[in-house]
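Notes for the structure review
Chain by chain, the residues run as shown.
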Amino acid sequence: LDKPAGLLAVPGRGADKLDCLATRVQAVWPDAQVVHRLDMATSGLLLMARGPVVQRALSQAFADRAVHKRYVAVVQGRVSAAQGQIDLPLAADWPNRPCQRVDAERGKPSLTHYRVLAHDAETDRTRLELAPVTGRSHQLRVHLQAIGHPIVGDALYGVPPAPGGRLLLHAASLALAHPQHGTPLRLRAPAPF
């Protein structure tokens, strides 16, 4: 599924947060089950399973890191290295929920690879391809903010978006083996920005 930015992946707390991608999909395919999530502000590919057997297989593939994810982001500033990795442990920032933070003592290992796609000198922004190895909450957002390049439009970890703006983070591709017959799958959704 190609989730738009601003739509919850799963229902939130409260009657005003019942509309979400999972509910919309289940109205068409009642056996559809959630496998993973995207932040409400993030757009892009979200995988759901048809039935519990496939859901367990796909969940295991994510747990085993057999699903390769690629994101596109636009960040503030010029990222100088053409490619690299961000290896910083993350933990919940309880006083500032739902935020996460870098925490060397209590954080869980978190690793993100990045590659520069383009620089825009006029706006002082860099377009990146991101490949998270781990899948922590807000991992990409916190990692980029921690190295001084917050994602454009990130109200939690960077500069809030302009009116009508959005978080410039998009889940652009997923690569995995089909859970029933093992055929390699490469799913893509181009970034809308």
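Shown above is the structure to which this text applies.
This text gives an overview of the structure that appears in the document.

Burial in helix α1 (residues 21-28) covers these residues: L21, A22 and V25. What you see down the axis of α1 is that its buried residues fit within an arc of 95°, all on one side. Buried positions along α1 lie against β1 (2-3), β2 (32-34) and β4 (48-50).

Attention shifts here to the pairing of strand β11 (residues 169-177). The buried fraction of β11 is high, at 8 of 9 residues. The pairing of strand β3 (residues 43-45) with β11 spans 2 bridges and is classified as parallel. By the bridge assignment for β11, S43 is matched with H170. Note: β11 against strand β12 (residues 184-188), 5 bridges, orientation antiparallel. The residue bridging A175 from the neighbouring strand is R186, located in β12.

A complete count under the given rule lists 9 salt bridges for this structure. With its nearest N and O atoms 3.4 Å apart, the salt bridge here joins E129 to R115. Note that E129 is positioned in strand β10 (residues 125-132) and R115 in strand β9 (residues 111-120), a separation of 14 residues in sequence. Of the residues examined, R115 reaches a relative accessible area of 37% and is grouped as partly exposed. Among the ionic pairs, D154 bridges to R141, the shortest N-O distance being 2.8 Å.

Conventions and cut-offs
- Residues numbered from 1 in each chain as written.
- Predicted model: local features only at pLDDT ≥ 70, side-chain atom pairs only at ≥ 80, totals over all residues.
- Heavy atoms only, no water.
- Buried < 20%, exposed > 50% of the residue type's maximum accessible area, 1.4 Å probe, protein only.
- Helix = DSSP H or I, 4+ residues; strand = E, 2+ residues; numbered from the N terminus.
- Arc of directions from axis to C-beta.
- Contact = heavy atoms within 4.5 Å.
- Pairing = 2+ DSSP bridges.
- Salt bridge = Lys/Arg side-chain N within 4 Å of Asp/Glu carboxyl O.

These figures come from the coordinates and say nothing about function on their own.
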